[in-house]
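What follows is each chain in one-letter form.
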Amino acid sequence: MSARVRSVGWLVILVAAFAGFSSAGARAETPAVYMQRVQNELMYAQRQGGVSAYANVLRRHMDVQNIGLTALGPHARTLPKTDRPAYYNGMVNFIAKYAAKEGPKYIVTSAVVTGQGAGDAGGTNVDSHITLADGSGYDIRWLVMKTSQGYKVRDAQVVGFWMTSFLDDLFQNYITENGNNPRALVLALSR
């Protein structure tokens, strides 16, 4: 796997894999239609550039609580509930900053849904093909979860790797290196 594929995967995945949706209009959508809409919003955010463009999309679409608590692993139970809003906000900003920094290096010209699995209680796989301005491309498999309000993207797979595991490792290692205190991560993400 080339460094470029990994970098492109991180950009698209970190921004989009952590997406979720909570609008009444999504109830009539299929997971494939939903993912196409999310990808279109992400491409628009990339054209706008800047942290706020990405953060706005993430705040509208991110499955913050599930992904955030999972990323803390065993430390989730020691993070006070009163600290969770700051943690979730910091996580969104962390991902948005990364996307804004890396986005200009890998301009996405096309993100097209190519298929949808049958789905079950564990979610529905939605496959997409991403094309970059230089003509190169790669495939993504999204894991989309049904909610009472629509859909949420729980994870994404690029080159065989599910991306939430990278966030889990990053956050849990940081906490472990800082005295097993999840508040250290909250403070770091708030900067």
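Residues numbered from 1 in each chain as written. Predicted model: local features only at pLDDT ≥ 70, side-chain atom pairs only at ≥ 80, totals over all residues. Heavy atoms only, no water.

Peer 1: Mind showing me how you'd approach the packing of helix H2 (residues 31–48) against helix H3 (residues 51–61) here?
Peer 2: Axes are the key here: two packed helices are described by the angle between their axes and the distance separating the axes. It is at 8 Å that the axes of H2 and H3 come closest, and there the two elements cross at 160°. Comparing the axis directions of H2 and H3 gives the class roughly antiparallel. Mapping the contact onto sequence places Tyr 34, Arg 37, Val 38, Glu 41, Leu 42, Ala 45, Gln 46 and Gln 48 in H2 and Ala 53, Tyr 54, Val 57, Arg 60 and His 61 in H3. When its residues are assigned to classes, the contact of H2 with H3 shows seven nonpolar, three polar and three charged. (Axes fitted to C-alpha atoms, helices over the stretch in contact; angles between N-to-C directions. Helix = DSSP H or I, 4+ residues; strand = E, 2+ residues; numbered from the N terminus. Parallel < 35°, antiparallel > 145°, perpendicular 65-115°, else oblique. Contact = heavy atoms within 4.5 Å. Nonpolar A, V, L, I, M, F, W, Y, C, P; charged D, E, K, R; others polar.)

Peer 1: Explain the packing of helix H4 (residues 64–72) against helix H6 (residues 164–177) to me, please; I cannot follow it from the model alone.
Peer 2: In the contact formed by H4 and H6, the axes pass within 7 Å of each other and the chain directions differ by 50°. By the angle between their directions, the pair H4 and H6 is classed as oblique. Across from Ile 67, Thr 70, Ala 71 and Leu 72 in H4, the residues of H6 making contact are Leu 167, Asp 168, Phe 171, Gln 172 and Ile 175. Of the residues that constitute the contact of H4 with H6, the class distribution is six nonpolar, two polar and one charged.

Peer 1: Explain H4 to me, please; I cannot follow it from the model alone.
Peer 2: Val 64, Ile 67, Gly 68, Ala 71 and Leu 72 are the residues of H4 that are buried. Down the axis of H4, the sector holding all buried residues measures 135°, keeping them to one side. Those residues of H4 that are buried are in contact with helix H5 (84–102), strand S4 (150–158), H6 and helix H7 (182–189). In the segment just after H4, Gly 73 is the residue with positive phi, at about 60°. (Buried < 20%, exposed > 50% of the residue type's maximum accessible area, 1.4 Å probe, protein only. Arc of directions from axis to C-beta.)

Peer 1: Which parts of the structure should I look at to understand the side chain of Asp 83?
Peer 2: Secondary-structure assignment places Asp 83 in the loop between H4 and H5. Residue classification places Asp 83 among the buried residues on the basis of a relative accessible area of 17%. Aside from chain neighbours lying at most four places away, what touches Asp 83 is Arg 183 and Val 186.

Peer 1: Just checking my understanding: could you explain the nonpolar core for this structure?
Peer 2: In summary, soluble globular proteins display a tendency toward joint burial of nonpolar side chains. In this structure, Met 35, Tyr 87, Met 91, Trp 142, Val 144 and Phe 171 are the most contacted members of the largest nonpolar core, which totals 48 residues. Sort the elements by how many residues they give to this core and H5 lands first, with eight residues. (Core = buried A, V, L, I, M, F, W, Y, C linked by side-chain atoms within 4.5 Å.)

Peer 1: Sorry if this is basic, but what is going on with the environment of Val 126 here?
Peer 2: Following the sequence through the fold, Val 126 ends up in strand S2 (residues 124–132). Note on Val 126: relative accessible area 0%, which makes it buried. A C-alpha to C-alpha distance of 6.9 Å links Val 126 and Pro 31, two positions 95 residues apart in sequence. Residues within four places of Val 126 in sequence aside, it is in contact with Pro 31, Ala 32, Met 35, Val 113, Gly 115, Gln 116, Ile 140, Arg 141, Trp 142 and Val 144.

Peer 1: How do you make sense of unusual backbone geometry when you look at a structure like this?
Peer 2: When glycine is set aside, most residues are seen to have a negative phi, and most peptide bonds are trans. Unusually for a residue other than glycine, Val 159 sits at a positive phi of about 50°. Structurally, Val 159 is set in the loop between S4 and strand S5 (161–162). Positive phi, close to 55°, is recorded for Asn 180, a residue that is not glycine. Counting through the fold element by element, Asn 180 comes out in the loop between H6 and H7. The partly exposed category is assigned to Asn 180, whose relative accessible area is 46%.

Peer 1: Looking at this structure, how should I read the pattern of salt bridges?
Peer 2: Overall, the coordinates contain seven salt bridges when judged by the stated rule. Measuring nitrogen to oxygen at the nearest pair gives 3.5 Å for the salt bridge that ties Arg 37 to Glu 41. Note that Arg 37 and Glu 41 are positioned in helix H2 at a spacing of four residues, about one turn of the helix. Arg 37 gets classed as partly exposed once you look at its relative accessible area, which sits at 24%. Residues Asp 127 and Arg 141 are paired through a salt bridge, measuring 2.7 Å at the closest nitrogen-oxygen approach. (Salt bridge = Lys/Arg side-chain N within 4 Å of Asp/Glu carboxyl O.)

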